[in-house]
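Coordinates in review
These are the residues of each chain, in order.
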Amino acid sequence: MMLTCQSLGIYNKIVFQQRGENQRLMSDESSEIDRLSTLDPQIITAIHDQYFPDVYRFARFRVDDEVIAEDIAGDVFVCLLEAVHSGRGPTTNLRGWLLKTTANIVNDHYRSLYKHPVDDSSELQENARDLFISQDDPARITDEAEMRRSIQAAMETLTHAQKLVITLRFGNRFSLEETAELMGKNINTIKALQFRALIALRRRIGSDLT
Amino acid sequence: MNRRLADALETCIKSLQAGVTLEECLNQYPDVAPQLRDLLKTVEMIECLRVEKIPVESMTQNQRELLSHAKKLVSQEKPGKCVAVAGRILAFRSMIVQTFRQAKPIMGRLVMAFAITGILIIFSGSLLIVSAKSLPGDSLYPMKLAVENIRVHLAPSEDIRSEYEDHYSQQRVLEVQSLLGLGRKQEISFEGILNSMEDTGWVVNGITVKLQPETVIMIGNNAIRSVEPGMKVEVDGITNEQGWVQAEEIHLREYHYFGIVDAKGIDGWEISGINVRVSSSTHIDSGVQVGNEAEVVIRAEDNGMFAMAILSVGQQKPGSAPPQSSTVDTKASEGDFAEDSEELQISGKVVRISPFSWTVDGVDVYIANDTHIADDIKLGDNITVIYEVEANGSFTALEIDKSRLSDQNDDTEMQPTPEPGGDDEGLSDMSDHPSEAEETEAYPNTPDHEETPVPTESELDPD
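Described in the following lines is the structure provided in the data block. (Residues numbered from 1 in each chain as written. Chains lettered and ligands numbered in written order. Predicted model: local features only at pLDDT ≥ 70, side-chain atom pairs only at ≥ 80, totals over all residues. Heavy atoms only, no water.)

Our next topic: the overall build of chain A. The helix and strand tally for chain A stands at ten helices and zero strands. Secondary structure elements of chain A, listed N to C terminal, follow the sequence α-α-α-α-α-α-α-α-α-α. Taking all 210 residues of chain A together, the buried fraction comes to 50%. For chain A, the share of sequence-separated contacts (at least 6 apart) that also reach a separation of at least 24 residues comes to 64%. Accessible surface for chain A amounts to roughly 10200 Å². Of this, 54% is attributable to carbon and sulfur atoms. (Helix = DSSP H or I, 4+ residues; strand = E, 2+ residues; numbered from the N terminus. Buried < 20%, exposed > 50% of the residue type's maximum accessible area, 1.4 Å probe, protein only. Contact = heavy atoms within 4.5 Å. Areas by Shrake-Rupley, 256 points an atom, 1.4 Å probe, with all protein chains shown as cover.)

The structure is reproduced here in structure tokens:
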């Protein structure tokens, strides 16, 4: 636990540095990837602690279930190890690779949900549990849960690129420049994608939730 | 996209994330405030989904599982050489893709698309060129056959399709000859004219084919009693180091037979109880009616018999016989051979010379042991062939000589022998034909040969 908290502190420090020193971190990432290929436990731990928060926040933003988001984050790192072991891992942009893999696993999750719809009783139980353990107003908790579900349902109607931009910008709080770099697009494209995505979301959820 | 609104939106998002209130943001852009308000409210709603808190317990648990998974991977065998090479190729590919994307996304993709297309074209072109030289048993041989099949299927007309099929059929023969030359043991299949049937083996298109006790001969037509020289057969077998083919199956492919027309239909006829398929490409003599005797030229496939031609027996001419002479008269018995055989002559350009047969302007003439062939004949020469029609419909050359008509007339002539007349004696001195005594000695099996006419005086000297 101690180690993890310390790692989180290191992560925050690194994030701060990233915002200012992209170039230096690019080379840091390359050396991380090189060292990761040895599957050294120390490197794995460092990479996991550094990137887990980004991956988890991405997954949690898109999935309205804490446990599923944790599972998805875990799967992303397993995928990373297997890809590196088989020689198909990332070569330059480790963060970008991890977040794209997260997006793919989230999409797979929704695809499997469409194929095999889950009974709403599990969600109801989760709400009931929250109501039971929380000291907040039960009506407010229910409303918030309902609103989250509505926004996430609206998010799923966006295009893949729009979903990615919205998640990176508002789920992970990446800047326009960082989002452009992670997605391999230029800043104006990201700005346009964000603008269109917000208009689409507004059209879908605006009138219900204002 | 409204650029001003989009820029204002981006600035306001940054301000909101820095803790500025919505109203303060809107005050900066009064001209687009209403639209901006809607969008920023949407942003506020979306931001509700964001979680700040990271589940530390879950993270620790995940980390533990990850390390245990890494240990498993390390203990596993290292990936094989192929996997490692494939991994390096994929890594190289992703590196290039990443480089292009970072440099200029659109240009990078375009260049990549062109590069991949170019590589594919060069690669597939090289493969096609290399596969064209492959032999049965080579890894690229199936590709060669596939390309040939595609060309046959895509042929713009029936004539061209049939040309392709003939060409590829000859290719199979050349491949078998190459395999025999290399002494390779390989399963093969080829079609060709049966040149001879000796006890030691058959000769099909010049290739020695030896039959084993277990060799299956498929005739598939009750009207045909046996396979005879001149017929076209398909040989399935194995080449060997000794330079011959060990036959496993022999299928009769092209031949002809005589029969009475029992019934006529659009897609098929019944001739002497045998159903044959007809199509628009089948040549049918106009006079053939139900009850008439007809000669049927058959192409036998695995899915049935296809009539290449149905000829009225009374109208048959030597020139109308199929070019490969792969016909057999099943009614002609050994006894009436001498009576039926007749001597004819053909003049034209020799386009193929082989030990077993020559082709004179598309007509195959078989060479017998006693065929008299003049010296110095080479491909392209105009020659005159005196031949006889065998009982099976094929042509056997009796004498081949350089044509003295070549200067005056280059057209191929193939005509029935005129009735014997008194001109023979008068022209005998002008011809190169051997004397009667010599002819009788040279062609002991052809009693009628001395009646073979020579060109008339007017033909020799048109002026």
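Bringing the interface of chain B and chain A into the picture now. Taken together, the contact pairs 52 residues of chain B with 57 residues of chain A. Between chain B and chain A, roughly 5100 Å² of surface is buried when both sides are summed, and carbon and sulfur atoms account for 68% of that area. Looking at the side of chain B facing chain A, the largest losses of area belong to Leu49, Met59 and Leu66 of chain B, adding up to 14% of the total buried there. Where chain B meets chain A, there are five salt bridges. Taking the shortest distance from any N to any O, the salt bridge between glutamate 52 of chain B and arginine 57 of chain A comes out at 3.9 Å. The interface formed by chain B and chain A holds 13 residue pairs in polar contact (both at pLDDT 80 or more) in total. (Buried area = accessible area lost by both parts, 1.4 Å probe. Salt bridge = Lys/Arg side-chain N within 4 Å of Asp/Glu carboxyl O. Polar contact = N/O pair within 3.5 Å; in protein donor to acceptor, adjacent residues only side chain to side chain.)

This paragraph deals with the pattern of salt bridges. Residue and element names in this part refer to chain A. Going through the model one piece at a time under the given rule, you end up with 23 salt bridges over all chains. Close ionic contact of glutamate 156 with arginine 62 constitutes a salt bridge, the shortest N to O distance being 3.4 Å. Of the two residues, glutamate 156 is situated in the loop between helix H7 (138-155) and helix H8 (160-171) and arginine 62 in helix H3 (residues 41-62); the sequence distance between them amounts to 94 residues. Each of the two residues, glutamate 156 as well as arginine 62, counts as buried. In this structure, arginine 148 engages aspartate 64 in a salt bridge whose closest nitrogen and oxygen atoms are separated by 3.3 Å. On the criterion of sequence distance, the pair formed by arginine 148 in helix H7 and aspartate 64 in the loop between H3 and helix H4 (66-85) is long-range, its members being 84 residues apart.

Once that is clear, we can look at the state of the cysteines. One covalent bond between the sulfur atoms of two cysteine residues makes up a disulfide. Applying the stated criterion across every chain, the model contains zero disulfides over all chains. Unpaired in this structure, cysteine 25 of chain B has its nearest cysteine sulfur neighbour in cysteine 12 of chain B, at a distance of 4.5 Å. (Disulfide = S-S within 2.5 Å.)

This part covers the packing of H3 of chain A against H8 of chain A. All names here are of chain A. Interaxial distance between H3 and H8 falls to 10 Å at its minimum, and their mutual angle equals 120°. When the axes of H3 and H8 are compared, the pair comes out oblique. Here H3 runs over H8; the crossing is right-handed. From H3, Arg57, Phe58, Phe61 and Arg62 reach across to H8, where they touch Lys163, Leu164, Ile166, Thr167, Leu168, Phe170 and Gly171. Of the residues in the contact of H3 with H8, the class split is six nonpolar, two polar and three charged. (Axes fitted to C-alpha atoms, helices over the stretch in contact; angles between N-to-C directions. Parallel < 35°, antiparallel > 145°, perpendicular 65-115°, else oblique. Left-handed = near helix turned anticlockwise from the far one by under 90°. Nonpolar A, V, L, I, M, F, W, Y, C, P; charged D, E, K, R; others polar.)

It is worth spelling out the pairing of strand E5 (residues 245-264) of chain B at this point. Residues and elements named next belong to chain B. When strand E3 (residues 207-218) meets E5, the two strands line up parallel, connected through six bridges. Considered in E5, the bridge of isoleucine 217 is made with isoleucine 250. Hairpin remark: strand E4 (residues 232-239) followed by E5, antiparallel, with five residues in the connecting loop; positive phi at glycine 243, about 95°. With seven bridges joining them, E5 and strand E9 (residues 293-301) adopt antiparallel strand pairing. Note on E9: the bridge partner recorded for isoleucine 260 is glutamate 293. Counted along the chain from E5 to the antiparallel partner strand E6 (residues 268-271), the turn is three residues long. (Pairing = 2+ DSSP bridges.)

On the surface, a cluster of negative charge is made up of Asp159, Glu163, Glu165 and Asp166 of chain B. Relative to the elements of secondary structure, aspartate 166 of chain B occurs in helix H8 (residues 158-182). (Patch = residues over 30% accessible without salt bridge, like charges linked within 9 Å, V, L, I, M, F, W, Y side chains within 5 Å. Lys, Arg positive; Asp, Glu negative; His and termini not counted. Charge placed at Lys NZ, Arg CZ, Asp CG, Glu CD.)

Residue and element names in this part refer to chain B. With four bridges joining them, strand E12 (residues 357-360) and strand E13 (residues 363-373) adopt antiparallel strand pairing. Bridged to threonine 359 within E13 is aspartate 364. The hairpin formed by E12 and E13 contains two residues between the paired strands, and aspartate 361 there has a positive phi angle of roughly 50°. Pairing analysis gives four bridges linking E13 to strand E15 (residues 395-402), with the strands arranged parallel. Bridge pairing in E15 links isoleucine 367 to alanine 397.

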